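The residues making up each chain are set out below.
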Amino acid sequence: MATSIKKYEQIIIETLREYAELYNQQRDGIEAKVIIDKAEKHYQLLSYGWRKDDYQFYVIFHFDIINGKVWVQENRTDVLIAQELVEKGIPKKDIVLGLQVPELRGEMGYAVA
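Residues numbered from 1 in each chain as written. Predicted model: local features only at pLDDT ≥ 70, side-chain atom pairs only at ≥ 80, totals over all residues. Heavy atoms only, no water.

A. Up close: the sheet that holds strand β3 (residues 54-66). With mixed pairing, the 5 strands of this open sheet are ordered in space as β1-β2-β3-β4-β5. Of all strands in the sheet, those bounded by a partner on one side alone are β1 (30-37) and β5 (95-96). Both β1 and strand β2 (residues 42-51) contribute to a ladder of 8 bridges, which runs antiparallel. Across the sheet, residue Ala32 finds its bridge partner in β2, namely Ser47. (Pairing = 2+ DSSP bridges. Helix = DSSP H or I, 4+ residues; strand = E, 2+ residues; numbered from the N terminus.)

B. Molecular detail of the layout of surface pockets. One number sums up the size of the largest pocket: a volume of about 180 Å³. Contributing to the lining of the largest pocket are Val72, Asn75, Val79, Leu80, Ile81, Ala82, Gln83, Leu97, Leu99, Gln100, Met108 and Tyr110. Listed by contribution, the elements that provide at least two residues to the lining of the largest pocket are β4 (69-75) and α2 (81-87). Per element, the largest residue contribution to the lining of the largest pocket is 3 residues, and it comes from α2. Residue classes in the lining of the largest pocket are distributed as 9 nonpolar, 3 polar and no charged. (1 Å grid on protein atoms, 1.4 Å probe; cavity = no way out; pocket = protein on both sides within 12 Å on 5 of 7 lines; lining within 4 Å. Points joined across faces, edges and corners; volume = space filled by probe spheres on them. Nonpolar A, V, L, I, M, F, W, Y, C, P; charged D, E, K, R; others polar.)

C. Spotlight on the side chain of Arg105. By the element assignment, Arg105 lies in the segment after β5. Notably, Arg105 is buried but unbridged: the nearest opposite-charge side chain belongs to Glu103, and the N-O separation is 7.9 Å. Look past the residues within four positions of Arg105 in its chain and what remains in contact with it is Trp71, Val96, Leu97, Gly98, Gln100, Tyr110, Ala111 and Val112. (Buried < 20%, exposed > 50% of the residue type's maximum accessible area, 1.4 Å probe, protein only. Lys, Arg positive; Asp, Glu negative; His and termini not counted. Salt bridge = Lys/Arg side-chain N within 4 Å of Asp/Glu carboxyl O. Contact = heavy atoms within 4.5 Å.)

D. Geometry of the pattern of salt bridges. In this structure the tally under the stated criterion is 6 salt bridges. Ionic pairing is found between Glu9 and Lys41, a salt bridge with its closest N-O pair at 3.5 Å. With Glu9 in helix α1 (residues 2-24) and Lys41 in the loop between β1 and β2, the pair connects residues that are 32 residues apart, well separated along the chain. Judged by its relative accessible area of 3%, Glu9 falls in the buried class. Judged by its relative accessible area of 22%, Lys41 falls in the partly exposed class. Lys69 is the partner of Asp94 in a salt bridge, and the nearest nitrogen-oxygen pair spans 3.5 Å. Placement of the pair is Asp94 in the loop between α2 and β5 and Lys69 in strand β4, with a sequence separation of 25 residues. You'll find Asp94 and Lys69 in the same group, each marked buried. Each of Glu14, Glu18 and Lys88 takes part in salt bridges that share partners, so that together they form one network.

E. Structural context of a nonpolar patch on the surface. Side chains of Trp50, Tyr55 and Phe57 sit close together on the surface and give an oily, nonpolar patch of about 380 Å² of accessible area. Its location among the elements puts Tyr55 in strand β3. (Patch = residues over 30% accessible without salt bridge, like charges linked within 9 Å, V, L, I, M, F, W, Y side chains within 5 Å. Areas by Shrake-Rupley, 256 points an atom, 1.4 Å probe, with all protein chains shown as cover.)

Put into C-alpha cells, the structure is as follows:
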C-alpha cells in the first residue's frame, strides 16, 4: 500500500502543479499556489489575491489520502478531476468523491469510502 500511496501522492502533486501553472499564466492579480502537507496527506490548490478592490481567497482543489484512498474534497472547477486522476493512473476503486453525498458516491463507479 505504501508504494501506491507514494504514486498517488506524485500524481496529485503533478496535477495540482499543472493547474497552478495554467492559472498563473492568466496573471490577473490572482495567484494560484500549491499547498502540500505530506505528513498529514493533504494537498490543495489555492487561489488568492486582489482583483480591483476585492480580495479573493478560495480553495480550487483539495485532496486527502485517507486509508490508501484519494479523497476529492473540493473541486471549484468544471474539470472532471477524478476522471483525470484515473487517466493518470489512480484506479476508480481508490478514489472517493468526498464532495459527493455519501449515498450517491458508488453510483458513479468510484469508491464509497
